[in-house]
Amino acid sequence: MEKVLVYPVILHSEEKGYTVEIPDIEGGWTQGENMKEALMMAADLIGLALEDKTEYPLASDLDAIKTGKDDIKTIVSVDMDEYRRKNPKTIRKNVSVPEYLVKLGKEQHVNFSALLTEALKAKLEV
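Residues numbered from 1 in each chain as written. Predicted model: local features only at pLDDT ≥ 70, side-chain atom pairs only at ≥ 80, totals over all residues. Heavy atoms only, no water.

(A) The pairing of strand S1 (residues 4-13), seen in detail. Counting buried positions over the 10 residues of S1 gives 7, a clear majority of the element. Summarising the sheet, S1 and strand S2 (residues 18-21) pair through 4 bridges and their orientation is antiparallel. In the strand pairing of S2, histidine 12 is matched with threonine 19. Between S1 and the antiparallel strand that follows it, S2, lie 4 residues; glycine 17 among them carries a positive phi value of about 85°. (Buried < 20%, exposed > 50% of the residue type's maximum accessible area, 1.4 Å probe, protein only. Helix = DSSP H or I, 4+ residues; strand = E, 2+ residues; numbered from the N terminus. Pairing = 2+ DSSP bridges.)

(B) Examining a nonpolar patch on the surface more closely. A cluster of nonpolar side chains, namely Val95, Val97, Leu116, Leu120, Leu124 and Val126, defines an oily patch on the protein surface of about 550 Å² accessible area. Topologically, valine 95 is positioned in the loop between helix H2 (80-86) and helix H3 (99-107). For valine 95, a relative accessible area of 53% translates into the label exposed. (Patch = residues over 30% accessible without salt bridge, like charges linked within 9 Å, V, L, I, M, F, W, Y side chains within 5 Å. Areas by Shrake-Rupley, 256 points an atom, 1.4 Å probe, with all protein chains shown as cover. Salt bridge = Lys/Arg side-chain N within 4 Å of Asp/Glu carboxyl O.)

(C) Structural context of helix H1 (residues 35-50). Between its terminal C-alpha atoms H1 stretches 23 Å, which fits the 22 Å expected from 16 residues at 1.5 Å a residue. Of the positions making up H1, those classed as buried are Ala38, Ala42, Ala43, Leu45, Ile46, Gly47 and Leu50. Residues of H1 that are buried sit in contact with S1, S2, strand S3 (29-32), strand S4 (72-79) and H2. Of the residues flanking the start of H1, the one acting as N-cap is asparagine 34, its side-chain oxygen 3.2 Å from the backbone nitrogen of lysine 36. (Expected span 1.5 Å × (residues − 1). Contact = heavy atoms within 4.5 Å. Polar contact = N/O pair within 3.5 Å; in protein donor to acceptor, adjacent residues only side chain to side chain.)

(D) Quick peek at the nonpolar core. In terms of nonpolar packing, the biggest core is built from 19 residues, with Tyr7, Val20, Ile22, Ile46, Leu50, Val76 and Val78 touching the most fellow members. Setting aside chain neighbours within four positions, we find valine 20 in contact with Val9, Ile10, Leu11, Gly28, Trp29, Thr30, Gln31, Ala38 and Ala42. (Core = buried A, V, L, I, M, F, W, Y, C linked by side-chain atoms within 4.5 Å.)

(E) Molecular detail of the pairing of S3. By the alternation rule, side chains of S3 split into Thr30 and Gly32, which are all buried, and Trp29 and Gln31, of which none is buried. Strand direction decides the pairing type here: S2 and S3, joined by 4 bridges, are antiparallel. Along S3, the bridge assignment pairs valine 20 with threonine 30.

(F) Inspection of the sheet that holds S1 at higher detail. The 4 strands are arranged S3-S2-S1-S4 in an open sheet whose pairing can be described as antiparallel. Only two strands of the sheet have a single neighbouring strand rather than two, namely S3 and S4. Across the sheet, the mean angle separating the axes of adjacent strands is 35° when strand polarity is ignored. Contacts from H1 reach S1, S2, S3 and S4 within the one sheet, and its direction differs from that of S4 by about 50°. (Axes fitted to C-alpha atoms, helices over the stretch in contact; angles between N-to-C directions.)

(G) Main features of the pattern of salt bridges. For the structure shown, the criterion picks out 3 salt bridges. With its nearest N and O atoms 3.9 Å apart, the salt bridge here joins glutamate 33 to lysine 16. Taken together, the residues span a long stretch of sequence, with glutamate 33 in the loop between S3 and H1 and lysine 16 in the loop between S1 and S2 at a distance of 17 residues. Residues glutamate 33 and lysine 16 agree in their burial class; the two are exposed. A single salt-bridge network, built from bridges that share partners, covers Glu82, Arg85 and Lys86.

Here's what the structure looks like:
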């Protein structure tokens, strides 16, 4: 199931570039040298902050957010499934396989982790 999140952000103009405030994300501050980079960094911060979550903070109403005179408020979207695919965390998983396959694999210098990852991707069609 695809999960696209949309959060409001506030761009604060700086002497060079922007700082970005993401009100709905704890510790939600980042920056960029230009508007494009600032928005990309905001999307990355949202993905990083929420990658281990299954429940996400509710997004504030964009119209309810107060900004300063020179601030820009807009929204950023993040496809969490895509973010996780592009930024995979690895975990250690113990598996049981027949001894003879382990022996043959070692003789042929098989990377068991890579092989299992490829097989899982094929099986899960991702």
